Amino acid sequence: MSPARGMMAAMPSSRWTADSIPDLSGQTTVVTGANSGLGFHAALELARYGATVVMACRDLRRGEAALSRIKKEVGRPAVELRRLDLADLTSVRAFSVEMRTAHPQIHLLVNNAGVMAIPRGETADGFELQLGINHLGHFALTGLLLPCLAATPDPRVVTVSSQLHTLGAIEFDDLMSERRYGPWRAYGQSKLANLLFTFELQRRADRAGMTLLSAASHPGYAATNLQVAAAARQSTWIRQASATFTRVVAQPAAQGALPSLYAATMPDVRGGDFIGPDSFGGARGFPTRVKAAAKAYDPITAADLWEHSVDLTGVDFDALDN
Ligand SMILES: NC(=O)c1ccc[n+]([C@@H]2O[C@H](COP(=O)([O-])OP(=O)(O)OC[C@H]3O[C@@H](n4cnc5c(N)ncnc54)[C@H](OP(=O)(O)O)[C@@H]3O)[C@@H](O)[C@H]2O)c1
């Protein structure tokens, strides 16, 4: 998985599929939210191509069921299940301590888990749920696993964002949406934060002379549990309309996982790339390099968000200071 920063970028093939994943034997990988949807398919394919996969799941029962499905499909995969609740920094720290002992070298971290457009709630640490799980939990996790990533020659971090980052703004005077909450607005903020983090991590790794590659992906519109959970508290009519729309318009979860898999495994991916589907305005299709909204590339907002994230989580990415 050598990063190709500085090399001429080849555009991803227009019909790239998981069949083109290179041999991943000897690579240790971590996928958050690996029991469902895109995370499940990412874990499945990484395992199929020989990686050791740590499935980081908040519910071990759902994780066990997913692990059995992977075993059925792959034969004897090197897959293990560990508990990680991104809505609780104590759990993130415990997971990271376990990992540092069990896997002192990590080649790939896929920050995939997420929640979407749910009613306002707070994590164990008092963060608004969507920012807390989608961004701050992954920020802390990445920082705490950085020593394991830094212990491999060409580590990668792939963070899953969304086209809906375009809805978001980083509300520094109300980051936790205490004064004003809109479920989609908060989702947009969290997915914009995913991109700002991705690009800022790459800038900081470059400055530190670390060969870490940080890239982002989005799945377009994929049929997963995310839409079901988002519509859960709506009226029966809205739930049915949402389910029908998803059934007709969305692509299968396995297809939606391809951009993450491309970003995670292909040698022509460059630091700061954003990979998403190539058709229907980015809603469906095969992985290609895409552009985020201009606000996602703003280094001042990114640095500011980084400092806020350090203060809020207490995780300071020491390894980047070396
Ligand atoms: N599907 C789409 O069309 C779409 C579009 C754009 C972006 N995305 C992004 O894709 C990513 C994956 O979502 P998906 O579509 O695959 O949805 P999904 O099927 O609902 O999967 C989400 C995963 O995240 C896990 N998760 C939620 N809260 C967590 C927490 N506190 N700690 C640890 N894990 C947690 C879930 O665990 P449980 O099963 O236990 O709930 C599940 O494994 C998300 O980041 C989402 O924003 C999806």
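**Student:** Honestly, the side chain of S214 in this entry has me stumped. Any pointers?
**Tutor:** Checked against the element boundaries, S214 lands in strand β6 (residues 213-217). There is a polar contact of 2.7 Å between the side chain of S214 and the backbone oxygen of T198. Residues within four places of S214 in sequence aside, it is in contact with V157, T198, L201, Q202, G271, G272 and D273.

**Student:** Got a minute to help me understand the side chain of N194 in this structure?
**Tutor:** Relative to the helices and strands, N194 resides in helix α5 (residues 183-207). Looking at N194, its side chain comes within polar contact range of the main-chain oxygen of N134, at 2.9 Å. For N194, the contacting residues outside a window of four places in its chain are N134, H135, T159, V160 and S161.

**Student:** Sorry, what's going on with a nonpolar patch on the surface here?
**Tutor:** On the surface, L164, L167 and W184 cluster together into a nonpolar patch covering about 260 Å² of accessible area. Relative to the helices and strands, L164 is located in the loop between β5 (156-160) and α5.

**Student:** Explain the sheet that holds strand β8 (residues 284-289) to me, please; I cannot follow it from the model alone.
**Tutor:** Sheet strands associate in pairs through backbone hydrogen bonding, adopting either a parallel or an antiparallel arrangement. One open sheet holds the eight strands; their spatial order is β3-β2-β1-β4-β5-β6-β7-β8, and the pairing between them is mixed. The open sheet has two free edges, formed respectively by β3 (79-83) and β8, since each of these has just one partner strand. Here the strands of the sheet are splayed against their neighbours by 25° on average, with no regard to which way each runs. Judged from the three bridges that link them, strand β1 (residues 28-32) and strand β4 (residues 108-111) form a sheet pairing that is parallel. Counted as the bridge partner of V30 is L109 from β4. Against the sheet, helix α9 (residues 258-265) engages β4, β5, β6, β7 (274-279) and β8, with an angle of about 165° to β5.

**Student:** Even after reading the chapter, I still don't get the packing of α5 against helix α10 (residues 299-313), so can you show me in this structure?
**Tutor:** Relative placement of two packed helices is described by the angle separating their axes and the distance separating the axes. One way to put it is that α5 packs onto α10 with a least axis distance of 9 Å and a crossing angle of 95°. Considering their axes alone, α5 and α10 lie roughly perpendicular with respect to each other. Of the residues in α10, those touching α5 at A193, L196, F197, E200, L201, R203 and R204 are P299, T301, A302, A303, L305, W306 and E307.

**Student:** Where do I start with the pairing of β7 in this structure?
**Tutor:** The side chains of a regular strand alternate between the sheet's two faces. Both β6 and β7 contribute to a ladder of two bridges, which runs parallel. In the strand pairing of β7, S217 is matched with I275. Pairing analysis gives four bridges linking β7 to β8, with the strands arranged antiparallel. Across the sheet, residue I275 finds its bridge partner in β8, namely R289.

**Student:** Just checking my understanding: could you explain the packing of aromatic side chains for this structure?
**Tutor:** By convention here, two paired aromatic rings are described through the distance between centres and the angle between planes. Enumeration over the complete set of coordinates arrives at ten aromatic pairs. Ring plane angle 65° and centroid distance 5.7 Å describe the contact between F139 and F197, whose orientation is recorded as edge-to-face. In this pair, F139 sits in helix α4 (residues 129-150) while F197 sits in helix α5, placing the two residues 58 residues apart along the sequence. Look at F139 and you get buried, because its relative accessible area is 1%. F197 sits in the buried class, given a relative accessible area of 4%. One aromatic cluster is present, built from ring pairs that chain together F139, F197, W306 and F317. When the ring centre of F40 is taken as origin, the NZ or CZ atom of R69, which lies over that ring, is 4.0 Å away. Residue placement shows K291 over the ring face of Y297; its charged tip is 5.1 Å from the ring centre.

The rules we used
Residues numbered from 1 in each chain as written. Predicted model: local features only at pLDDT ≥ 70, side-chain atom pairs only at ≥ 80, totals over all residues. Heavy atoms only, no water. Helix = DSSP H or I, 4+ residues; strand = E, 2+ residues; numbered from the N terminus. Polar contact = N/O pair within 3.5 Å; in protein donor to acceptor, adjacent residues only side chain to side chain. Contact = heavy atoms within 4.5 Å. Patch = residues over 30% accessible without salt bridge, like charges linked within 9 Å, V, L, I, M, F, W, Y side chains within 5 Å. Areas by Shrake-Rupley, 256 points an atom, 1.4 Å probe, with all protein chains shown as cover. Salt bridge = Lys/Arg side-chain N within 4 Å of Asp/Glu carboxyl O. Pairing = 2+ DSSP bridges. Axes fitted to C-alpha atoms, helices over the stretch in contact; angles between N-to-C directions. Parallel < 35°, antiparallel > 145°, perpendicular 65-115°, else oblique. Phe/Tyr/Trp six-rings, centres within 6.5 Å; stacked < 30°, edge-to-face > 60°. Buried < 20%, exposed > 50% of the residue type's maximum accessible area, 1.4 Å probe, protein only. Lys NZ or Arg CZ within 6 Å of the ring centre and 35° of its normal.

Any functional reading would require information beyond the geometric quantities listed.
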